[in-house]
Amino acid sequence: MDTMTINAARIIPAVAVPEGAGVTVYRTIGTPVIRNFDPFLLLDHISSDKPEDYLAGFPSHPHRGFVTFTYMIDGHMQHQDSMGNRGDLGPGSAQWMKAASGVIHSEMPQQQNGLMRGFQLWINLPAAHKMDHPEYQEYAAEAFPVINTPDCRVKVLIGRFADAQSPIADPVTDVSYFDVRIQPGKRFQHRFSAQRHSFLYVFEGDGQLRDQAVTLHSLAALSSADETFDFTAGSKGARLLVVSGKPVGEPVVQYGPFVMNTREEIDQALQDFQTNSFVRNRAWIKRK
């Protein structure tokens, strides 16, 4: 029996959540509906042309125990962190930040009006790497390869697609992350290993994942038996994130921006933050 045709994807509509200093984000992973989808801990989508929705930004805050990946579609976001890194994420650019043992950073809009649109994905780290040295990579839009076919356009943000390799590759998390634009009525097909957890998130248009409808601002999490994305865009076309990663398979204990394996490790993170000993390592990597 063909398991790829009988295992339905789980469809999760985004919900509005206030974050930072009052910014509204649209969250799928990281809600009571789906707390995490190993190794993914959170997916936030910011999309607004109303300045009051985003001008407050995300002032200085800590992270420990995971990787953040930020991808901007429209608008400008400035990054500053406890290691002295500064970056201006513009349209099409992306930032990979391995917080690991501890980072304090801020993400603040660099515009007073206009459309602000982008994503942040949290990726869990295995216990053996949660206290690694932090690392930081930031790349402009033109650094990422794009593959065009008659049916779709694939921007390779992490990992490899066909013969295209992103400048961002992380052997620890082994994540693939694509921005896929599909022409009206056309299909996108891609095969992932059944040992990975994969999802898509539709942020323009709509379509069908095999025989399941996936509407705008909805995430489809594939079951563990599924291996192949087979998505057909609706009459107006579709644009979606296609993401896949290697499960960590360890306990997840989360307290806000700290994600560890035990409650004792969370208590230590809180103590470190409160006693100004949170940032332990100063060996960073930055590439553009």
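Conventions we followed
- Residues numbered from 1 in each chain as written.
- Predicted model: local features only at pLDDT ≥ 70, side-chain atom pairs only at ≥ 80, totals over all residues.
- Heavy atoms only, no water.
- Helix = DSSP H or I, 4+ residues; strand = E, 2+ residues; numbered from the N terminus.
- Rg over C-alpha atoms; globule rule 2.2 N^0.38 Å.
- Buried < 20%, exposed > 50% of the residue type's maximum accessible area, 1.4 Å probe, protein only.
- Contact = heavy atoms within 4.5 Å.
- Areas by Shrake-Rupley, 256 points an atom, 1.4 Å probe, with all protein chains shown as cover.
- Salt bridge = Lys/Arg side-chain N within 4 Å of Asp/Glu carboxyl O.
- Pairing = 2+ DSSP bridges.
- Axes fitted to C-alpha atoms, helices over the stretch in contact; angles between N-to-C directions.
- Polar contact = N/O pair within 3.5 Å; in protein donor to acceptor, adjacent residues only side chain to side chain.

A.B. asks: So what's going on with the overall build of the chain? Which residues, and what values?
C.D. replies: Helices and strands together make up the secondary structure of the chain, namely one helix and 24 strands. Relative to the compact-globule value of 19 Å for 288 residues, the chain shows a C-alpha radius of gyration of 18 Å, a close match. Referenced to the eigenvectors of the C-alpha coordinate spread, the extents of the chain come out at roughly 55 × 45 × 35 Å. Looking at the 288 residues of the chain, the share that counts as buried comes to 53%. A separation threshold of at least 6 residues defines the contact pool for the chain, and within that pool the share at least 24 residues apart is 71%. Split by element, the accessible area of the chain, about 12,300 Å² in all, is 50% carbon and sulfur.

A.B. asks: Tell me about the pattern of salt bridges, residues and numbers included.
C.D. replies: All told, the structure shown has twelve salt bridges when counted by the stated rule. The closest approach of N and O atoms between Glu-204 and Arg-117, which form a salt bridge, is 2.8 Å. Placement of Glu-204 in strand 19 (residues 197-209) and of Arg-117 in strand 11 (residues 116-124) is noted, with a sequence separation of 87 residues between them. The exposure class assigned to Glu-204 is partly exposed, which follows from its relative accessible area of 23%. Arg-117 gets classed as buried once you look at its relative accessible area, which sits at 12%. When the shortest N-O distance is used, the salt bridge between Glu-204 and Arg-239 registers 3.5 Å. Of the two residues, Glu-204 is situated in strand 19 and Arg-239 in strand 22 (residues 228-245); the sequence distance between them amounts to 35 residues.

A.B. asks: Provide a residue-level description of the pairing of strand 22, including the pertinent values.
C.D. replies: Of all 18 residues making up strand 22, 15 are buried, and the element is well covered by its neighbours. The sheet contact formed by strand 17 (residues 176-182) and strand 22 spans seven bridges and is antiparallel. Each residue of the ladder has a partner; that of Ile-182, found in strand 22, is Ala-238. Note: strand 18 (residues 187-191) against strand 22, five bridges, orientation antiparallel. Considered in strand 22, the bridge of Arg-187 is made with Thr-232. With eleven bridges connecting them, strand 19 and strand 22 associate as antiparallel partners. Residue pairing in the sheet places His-197 in a bridge with Gly-245 of strand 22.

A.B. asks: Which residues make up the sheet that holds strand 11, and what values do they have?
C.D. replies: Read across the sheet, seven strands follow the order 2-3-4-11-6-9-12 without closing on themselves; strand pairing throughout is antiparallel. One side of each edge strand has no neighbouring strand; the edge strands of this open sheet are strand 2 (15-19) and strand 12 (135-139). This sheet shows a mean twist of 20° between the axes of neighbouring strands, independent of strand direction.

A.B. asks: Talk me through the side chain of Ser-166; I want residue IDs and the actual numbers.
C.D. replies: Along the polypeptide, Ser-166 turns up in the loop between strand 16 (164-165) and strand 17. A polar contact is formed between the side chain of Ser-166 and the backbone oxygen of Leu-157, at a distance of 2.6 Å. Ignoring any residue separated from it by four or fewer positions in sequence, one finds Ser-166 in contact with Phe-144, Pro-145, Val-156, Leu-157, Ile-158 and Gly-159.

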